[in-house]
Structures are given as structure tokens and as C-alpha cells.
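Survey of secondary and tertiary structure
Residues per chain are reported as follows:
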Amino acid sequence: MSDTGVTVKKCQDFSEWYVQVVLKAELADYAPVKGCMIIRPDAYAVWEKIQEIVNQKIKATGHRNAYFPMFIPEAFLKSEAEHFAGFTPEVAWITMGGDTPLEEKLAVRPTSETIMYSMYAKWIRSWRDLPLKINQWCNIVRWETKATRLFLRTREFLWQEGHTAHATAEEADAEVMWALNMYKDVVENYLAIPVVLGTKSDSEKFAGANYTTALESIMPDGKALQMGTSHNLGQHFAKVFDVKYIGEDKQDHYVWQTSWGITTRLIGAMIMVHGDDKGLIMPPKVAPIQVVIVPIPFKGLEAEAIAAKTKEIQDSLRAKCISVTLDDRTEYTPGWKFNQWELKGVPLRIEIGPRDIKNGQCVMVRRDNGQKAFVKNEDIIATAEKLLGDIQDSMLEKARAILADKTTLVATYDEFKQVVEGKGGFIKAAWCNSPECEAKIKEETGATIRIRPFQKEEAHTGCVYCGKEAKEVVYFARSY
RNA sequence: GGGGCCGUCGUCUAGCAUGGAUUAGGAUACAUGCCUGGGGCGCAUGCGAUCCUGGGUUCAAAUCCCAGCGGCCUCACCA
């Protein structure tokens, strides 16, 4: 047994397991620049899938893609005070052009609200120009000082940011919810990761927003990970950048704005949630390779028949738009290939050997549960399609069960602390809505309010911290 | 930014406590040839290391000291 594969168990040393899966499955690598990563083709292909899915959804609803500069003048970033205060600790600045100092330094975008809205002010004249719904796919930079975690914390990462302007507050509210639900669909139905939807507490909301909604999930180590956010920016930026329109009433009005985003962090979540001791498990809907075919030669027996049949299956699967690889490399043994493709997370494997030629069948093995099935020739394509669907479904189902298991309702602060230190995960607790209690809890336990769920529950106790009347039940957790 | 741990062929690692004799050793990967093939095959040959970088101590540094860089864990902050 070499160390080509993952050498630690997921449940024993989760951090080490994660690093090994990412590196050994060739998803990413450390860059020569501190805090930066290289997204390798197998992971980039997943990002492209996500782009495909999101693009389809946003274009179908009238959003259009565009591209704005990655450099933002300092004055722009400063113009919204709360926004600037929130981002300034982690902005990278450009101060030189060649060997000439710049008159005004330029921020490398940590997010694009300011540069985009400065243009919106120019483009929006009348109510007929609204709503304006623009999205961009780009890289952004946040100069983290903390240790690099591939996909989860890097100084540069890829994301999508939607920025819309509306005539009314109601429209902006609706857009915020549209984006959030669009993300829920992507994350749950494609990445097979169950999420909890809700709003952020004031202390956790986006710098410069009226309110922030988000999708949160729990990773296998018990820490929460934000899977996407959708902000209602109100008129804060509109007032700062003078984004106004003349309404049907002939009066000037500020627009109502939203912004929303998901990042390559989702790939990290997918790895963590679905992987096992053998490596990665890709949800079929985003897997760059959905099926791998491994021929099993045996002393030249039926060699030609095997070659013909594997090729035929490959062609038929491709005709059904299933992404398939025929691994007919002669320098590796079948067993080696099994391990390799399992490490890389290919959802379904088809084996064809002399025995299968004789019996008019093939062997199919599911990556998610290891189940092996003998499938008659005439059923191969239909069965492969069905199994890919089943795998997608059961991955979500399994993840749902884990999420439920990692969600604990607590009645007392002692219980709260015990869960934080113990199994972690979401801790549902009653809260009085005071920032002081929230801050104290964070200080004493490291847990923050991840989400105030849309699905409201009656407070079952007083505030878990102060004991006074609770306003709602919220989800606490330690987070990434 | 704070604290802890770490850095030797592509990868994993021995050597480092007690400086000198290993030509810096092994495994794996890679290349070539043969042989194999239903769960990481075997044999042979070959290729492969600025011992992270820069200083210092010393007759002598992979080994000791200092600084820097990078990684991992952890705390504060974030997607």
C-alpha cells in the first residue's frame, strides 16, 4: 500500500484528511505566493459546471453578465463608511505603477459594489432603465493573514457577484429572495448539500447592507460554512453614488439595490460533505466525469470483444450526454485504477471482463456506497442513468441526515457550552435579540449566530444567555 | 496579527538529541524492457536532492544559533 491514496480516516483527523483529498485527487495545489492556490482542471471543471447552472438561471430571469475593473480608486471604497470599515483590514493596495508612485492608490477589489454603482449612476436615468440586473464572474482579493485552507480560505478566490438596482423596496426584497432560493437550488439539488436559509444578525451582516440573507450548512467536523449570501443594500450606496432615476411621477428617486454571491468555497464544502476514507465523492450532476469504464483483460482472453464492448458503451453513454472516460491504459492494473478513480470521486464505475463478455453483462459499482451490480447488456444505459440519479438523491439524503444529527436544540447555557465543546454543529437556542448577549456568547464560546432561520420556531425558553424574554430561536455554531 | 508544530530527490521519509564515516540512505513515483491484469502486480535497469532561503558559531553544519520565507494546527477576522 503506497501513500498515493488518502492515509488518514475522515473521522480521525479531518483537517489532514481534507488536505490530502484536495492534493491527491489533484483538485488544487498551493501556489508559490502565500495564501494563494491553483485550481487544477478537475476542480475547475466543477466550477465551470456551477457557472453553467447559475448562468442558465440568471439569464432566464433577465440578468446579464458583464465585467468591471479589478482596481477600485480609494475614494470609491471610502465613500460608504460602513462598507469601507468592514473591508479595509483586508484590502490589498496598488501604490506603484512601474516605478512611479500613484497619485491615488488603487484597491484590488474585495467586492465590486462601489466600482459598479459608480457606473450605475451614469447608466440609470429613468424608471424605464429599471430594474438593472448585472452579474459578473471574477476573482477577488481579500488579504487574509490567517493560514491558507485550500478552497476555504485563500487571499484570492473566484466568485460570482450579482448587482441589481430596482425602483422599489419591495422589488429589491423580492430579488434578494430570488437569488437566495436560486442558490438553495444550486447547492442542494446539484452539489447535494442541505442548507438552512435565513437572515444574518446585525453583527454578521454585509458591511453596508440593510440586511443580509444567507445559506448555511454544517461540515462533518461540526463547523458551519456559509454557502452563499444575498444582501438587501437598501439605498445606502444609491445615496453615496447618486444612483437616481426619474420616476413616472416626474420626481427623482434613489434606487433600491441588492447584491449576492457564491464562491469557489462551495467546492471545498462539496469535498468535505461528501468525501470518505477513500477520497472524493462527486455528486453526479456536477462531476466532470460521471462514469468511468475499466476493462479487465485476462491473459488476452476476449481482448477484442472487451475493447469493442467498452467502446460501444462509451459511445452510447455519450449519446445520452453522460460524461464518460474509458480507462484503457495498459500500464495500470484494474485494481490500481479502481483506487485512482475512487480517490477522484467518479460516481459510477463500469467493469467489463471476460466473464462479463461470456455472461452478456457488465459490473457497475456505485462510488457513494460501494454497491456492486451485475447488469445485463440491454439494460446498461438505462441502469447507468438511473444509478446516477439514485446516487445524486442518496448523497443529498445522507447529507440531510448528517445535518439533522448535527443540529441540537438546547434549553440552557450550560447545555449550549457542552455542545459547542463536544459535537459542535448547529445549536438552536432562544435569543432575546440583544447584541450584548450575542457578543458575550461569541466571546465565551467562540460560537456566533450563523442564521436566523426563515422557518420560525416558538421560543421554548428565555434567552439562552440572559434568561429574559426570547424573541426567536436562532442557529449558533463555530464557523469557518 | 498572537500562540504552537513543521520544512531533506516529484511525493513520503531515515539521518539531526550527542556537528565529522552514506558518496545524504530507503520507499514510492517517473522512464525503458519484460511480465502481469476481477481491488493500489512482479523483476531488472535508469533518472532523480540548492538538505526551504540568508546570515552566524565552528577546523568542520542537513545537524547548533539568529532572521526571513512557506505550510499545518489554534485564537481574533472573513466568503
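Heads up: the structure comes first, above all this text.
Residues numbered from 1 in each chain as written. Chains lettered and ligands numbered in written order. Predicted model: local features only at pLDDT ≥ 70, side-chain atom pairs only at ≥ 80, totals over all residues. Heavy atoms only, no water.

For the rest of this paragraph, the subject is the overall build of chain A. Looking only at helices and strands, chain A has 14 helices and 23 strands in total. Over its C-alpha atoms chain A spans a radius of gyration of 25 Å, differing by no more than 12% from the 23 Å that the globule rule assigns to 480 residues. For chain A, the C-alpha atoms occupy an extent of roughly 80 × 55 × 50 Å along the three principal directions. Counting over 480 residues, chain A shows a buried share of 53%. Sequence separation of 24 or more characterises 68% of the internal contacts of chain A that already satisfy a separation of 6 or more. When the accessible surface of chain A is split by element, carbon and sulfur atoms take 52% of a total near 21600 Å². (Helix = DSSP H or I, 4+ residues; strand = E, 2+ residues; numbered from the N terminus. Rg over C-alpha atoms; globule rule 2.2 N^0.38 Å. Buried < 20%, exposed > 50% of the residue type's maximum accessible area, 1.4 Å probe, protein only. Contact = heavy atoms within 4.5 Å. Areas by Shrake-Rupley, 256 points an atom, 1.4 Å probe, with all protein chains shown as cover.)

With that settled, consider the packing of aromatic side chains. Scanning the model with the defined rule gives 16 aromatic pairs in all. Seen in terms of ring centroids, tyrosine 332 and tryptophan 336 are 3.8 Å apart; in terms of plane orientation they differ by 15 degrees. Their pairing is stacked. Given a relative accessible area of 31%, tyrosine 332 falls into the partly exposed group. Ring plane angle 80 degrees and centroid distance 5.0 Å describe the contact between phenylalanine 416 and phenylalanine 476, whose orientation is recorded as edge-to-face. Here the residue phenylalanine 416 occupies a position in helix H13 (residues 413-421), and phenylalanine 476 occupies one in strand E23 (residues 472-477), the gap between them amounting to 60 residues. An identical accessibility class is assigned to phenylalanine 416 and phenylalanine 476; each is buried. Positioned over the ring face of tyrosine 480 is lysine 223, at 4.6 Å from the centre of the ring. (Phe/Tyr/Trp six-rings, centres within 6.5 Å; stacked < 30°, edge-to-face > 60°. Lys NZ or Arg CZ within 6 Å of the ring centre and 35° of its normal.)

Neighbouring RNA strand B are 46 residues; Lys146, Gln226, Arg265, Thr333 and Tyr480 lie closest to it. Each atom of RNA strand B within 4 Å of the protein belongs either to a base or to sugar and phosphate, the latter forming 43%. Separating a phosphate oxygen of RNA strand B from a side-chain N or O atom of lysine 34 is a distance of 3.2 Å. One of the backbone N or O atoms of proline 297 is found 2.6 Å from a sugar or linking oxygen in RNA strand B. Of all the elements in the fold, those that place two or more residues in the surface near RNA strand B are helix H10 (334-343), strand E17 (348-352) and helix H11 (354-359). With seven residues, the single largest contributor to the surface near RNA strand B is H10. Looking at side-chain class alone, the surface near RNA strand B contains 14 nonpolar, 15 polar and 17 charged residues. (Near = heavy atom within 4 Å. Polar contact = N/O pair within 3.5 Å; in protein donor to acceptor, adjacent residues only side chain to side chain. Nonpolar A, V, L, I, M, F, W, Y, C, P; charged D, E, K, R; others polar.)

The strand order E4-E6-E5 describes an open sheet built from three strands, whose pairing is antiparallel. A strand with exactly one partner marks an edge of an open sheet, and here the two such strands are strand E4 (71-73) and strand E5 (92-97). Each strand of the sheet is rotated relative to its neighbour by a mean of 45 degrees, with strand direction disregarded. With five bridges joining them, E5 and strand E6 (residues 100-108) adopt antiparallel strand pairing. Note that in E6 the partner of alanine 92 across the bridge is valine 108. (Pairing = 2+ DSSP bridges. Axes fitted to C-alpha atoms, helices over the stretch in contact; angles between N-to-C directions.)

Most of strand E15 (residues 291-295) sits out of view: five of its five residues are buried. Burial along E15 is two-sided: the face carrying Val291, Ile293 and Pro295 and the face carrying Val292 and Val294 are both buried. Judged from the three bridges that link them, E15 and strand E16 (residues 324-326) form a sheet pairing that is parallel. The residue bridging valine 291 from the neighbouring strand is valine 324, located in E16. Both E15 and E17 contribute to a ladder of five bridges, which runs parallel. Within E17, the position partnered with valine 291 by the bridge is leucine 348.

A word on the sheet that holds strand E7 (residues 132-141). Two modes of strand pairing occur in sheets, parallel and antiparallel, and in both the strands are linked by backbone hydrogen bonds. The sheet built from 11 strands is open, its strands ordered E3-E7-E8-E14-E11-E10-E9-E22-E23-E21-E20 with mixed pairing. Two strands lie at the open edges of the sheet, namely strand E3 (64-65) and strand E20 (407-409), each paired on one side alone. Sitting on the sheet, helix H2 (residues 41-59) touches E3, E7, strand E8 (156-166) and strand E14 (256-263), and the angle it makes with E7 is about 165 degrees. Sheet strands in contact with helix H5 (residues 113-123) are E7, E8, strand E11 (224-234) and E14, and its direction is about 155 degrees off that of E7.

A separate point is the nonpolar core. By size, the foremost hydrophobic cluster in this structure holds 52 residues, and its most contacted members are Leu27, Ile50, Phe151, Met227, Met270 and Ile271. Mapped onto this core, the elements with two or more residues apiece are helix H1 (14-24), H2, helix H6 (169-189), E11, E14 and helix H8 (265-274). Each residue touching methionine 227, except ones within four places of it in the same chain, is listed here: Val187, Ile193, Val195, Leu215, Glu216, Ser217, Met219, Ile262, Leu266 and Ala269. Among the nonpolar cores identified, the runner-up in size contains 28 residues, and Ile72, Phe87, Ile134 and Phe206 belong to it. (Core = buried A, V, L, I, M, F, W, Y, C linked by side-chain atoms within 4.5 Å.)

Turning to the packing of H1 against H8, a few remarks are in order. Closest axis-to-axis distance for the H1/H8 pair is 11 Å, and the angle between their directions is 115 degrees. Of the two elements, H1 crosses H8, and the hand of that crossing is right-handed. Contact with H1, carried on its side by Phe14, Trp17, Tyr18, Val21 and Val22, involves Gly268, Ile271 and Met272 of H8 and no other residues of that element. Of the residues belonging to the contact of H1 with H8, the class tally is seven nonpolar, one polar and no charged. (Left-handed = near helix turned anticlockwise from the far one by under 90°.)

By secondary structure assignment, the location of glutamate 161 is in strand E8. Among buried Asp, Glu, Lys and Arg side chains, glutamate 161 stands out as unpaired, with arginine 109 the closest opposite charge at 5.2 Å. Polar contacts involving the side chain of glutamate 161 include one to the side chain of serine 112, which spans 2.6 Å. Engagement of the side chain of glutamate 161 in a polar contact is seen with the side chain of tryptophan 159, the distance being 3.3 Å. In contact with glutamate 161, not counting residues within four places along its chain, are Thr111, Ser112, Ile134, Asn135, Gln136, Cys138, Ile140 and Trp260. (Lys, Arg positive; Asp, Glu negative; His and termini not counted. Salt bridge = Lys/Arg side-chain N within 4 Å of Asp/Glu carboxyl O.)

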